[in-house]
Each structure stands twice: as C-alpha cells, then as structure tokens.
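Residues per chain are reported as follows:
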Amino acid sequence: MKIALASDHAGYELKEAIKEFLNEHKLTDFGTHSIESMDYPDTGFKAAEAVARGECERGILICGSGLGMSIVANKVKGIRAALCNSVELARLSRKHNDANILVLQGRFISHSLAKEIIKVWFYTEFDGGRHQRRIDKISRYEKGEK
Ligand code: RB5
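Residues numbered from 1 in each chain as written. Predicted model: local features only at pLDDT ≥ 70, side-chain atom pairs only at ≥ 80, totals over all residues. Heavy atoms only, no water.

Peer 1: Talk me through the packing of helix α1 (residues 12–21) against helix α5 (residues 111–123); I want residue IDs and the actual numbers.
Peer 2: With their axes 10 Å apart at the nearest point, α1 and α5 run at an angle of 55 degrees to one another. The angle between α1 and α5 places the two elements in the oblique class. In this structure, α1 crosses over α5, and the sense of that crossing is right-handed. Residues Glu-13, Leu-14, Ala-17, Ile-18 and Phe-21 of α1 form the contact with α5, whose own contacting residues are His-111, Ala-114, Lys-115, Ile-118 and Lys-119. Tallied by class, residues from the contact of α1 with α5 come to six nonpolar, one polar and three charged. (Axes fitted to C-alpha atoms, helices over the stretch in contact; angles between N-to-C directions. Helix = DSSP H or I, 4+ residues; strand = E, 2+ residues; numbered from the N terminus. Parallel < 35°, antiparallel > 145°, perpendicular 65-115°, else oblique. Left-handed = near helix turned anticlockwise from the far one by under 90°. Contact = heavy atoms within 4.5 Å. Nonpolar A, V, L, I, M, F, W, Y, C, P; charged D, E, K, R; others polar.)

This is how it looks when you write it as structure tokens:
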C-alpha cells in the first residue's frame with residue numbers, strides 16, 4: 001500500500017520508528033526530518049493532500065498530542081482523519097468512519113502501542129451500510145450540497 005507519512009518535531013521519533021515497521025509498504029515521507037522545532041501544518045497539509053489526490057492510499061500523521069495534525073488533516077476535502085490512542089479506536093475508525101488518515105500522539109503513547117494501533121488500522125475493513133450513508137452526508141457537505 002502507498003502510505004503518506006508526516007510529523008512535526010514532537011512526532012519525529014515515532015515516525016522514524018514506524019518507518020522500519022512499515023517497510024513492506026511504499027512510504028512517502030513528507031517530513032519533518034529532525035527534532036528541530038517546526039510547525040505541523042507545513043508537513044501535515046502536504047501528506048493529507050497526497051491522500052486526498054489519491055497519490056497515497058492512506059496516511060499516518062503524528063504530532064505531540066495528535067490534535068494539531070487532526071485539525072490540519074480534516075481541513076482537506078476527502079480526508080477522514082482519526083486520532084487514535086487505543087487499538088479499539090483504531091478498529092472503530094476503520095469499521096465505522098472509513099478513516100483514510102490515522103493520527104498518532106508522539107508524546108502520549110509508547111512505540112509498541114503505536115505499532116499495535118497501526119496493525120489493526122491497516123487490516124480492519126470498513127463496514128459500509130449505515131456508515132456509508134453517514135460518510136456520504138459528510139461528502140455532500142464538503143461539496144456544498146445539503
Ligand atoms: C508542539 O509543541 C505541539 O504543540 C504539537 O506537536 C502538537 O501537539 C500540536 O497540536
């Protein structure tokens with residue numbers, strides 16, 4: 001799978017750790033590339049837009065709390081970004097919300113929990129049905145339709 005990755009300085013170490021873990025996928029790393037302080041919108045928008053354009057099938061974004069990257073990603077049309085700090089939320093974000101971006105917390109979860117979350121997030125399929133109807137409503141709102 002083609003995956004877009006992005007972090008800020010607070011997510012950099014976790015991003016590097018998950019790159020090794022995701023080595024069977026085709027990764028596009030939109031930065032950042034060090035722990036030097038930077039602004040999460042500068043990398044987050046690039047990764048989210050790559051997913052929205054279909055150049056990457058999914059994305060993983062990481063900042064310290066996960067909040068900034070969530071706000072950024074969900075501004076991009078077509079993105080359903082889910083901030084997950086448990087395996088159960090990761091599962092639900094796929095089954096119910098068809099999340100195409102996973103947001104992780106660089107400062108609040110261990111690397112091993114992050115890897116468990118990623119594993120479940122990748123293999124869990126969207127349930128469709130009533131959840132598709134709800135996503136269609138979000139898509140219509142994005143298009144300015146009621
Ligand atoms: C950086 O200090 C921090 O504010 C950022 O990583 C993120 O948590 C913002 O939402």
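Peer 1: Go over the nonpolar core with me, naming the residues and quoting the values.
Peer 2: The tendency in soluble globular proteins is for nonpolar side chains to be buried as a group. If you look at the biggest cluster of nonpolar residues, it comprises 19 residues, and the most contacted ones within it are Ile-18, Ile-60, Leu-102, Leu-104 and Ile-118. Of all the elements in the fold, those that place two or more residues in this core are β1 (2–7), α1, β3 (58–63), β5 (101–105) and α5. At five residues, α5 tops the list of elements feeding residues into this core. In contact with Leu-104, other than residues within four places in its own chain, are Leu-14, Ile-60, Leu-61, Ile-62, Cys-63, Gly-66, Cys-84, Ile-109, Ala-114, Ile-117 and Ile-118. Of all hydrophobic cores here, the second largest spans 16 residues; its members include Ala-50, Cys-63, Ala-73 and Val-103. (Core = buried A, V, L, I, M, F, W, Y, C linked by side-chain atoms within 4.5 Å. Buried < 20%, exposed > 50% of the residue type's maximum accessible area, 1.4 Å probe, protein only.)

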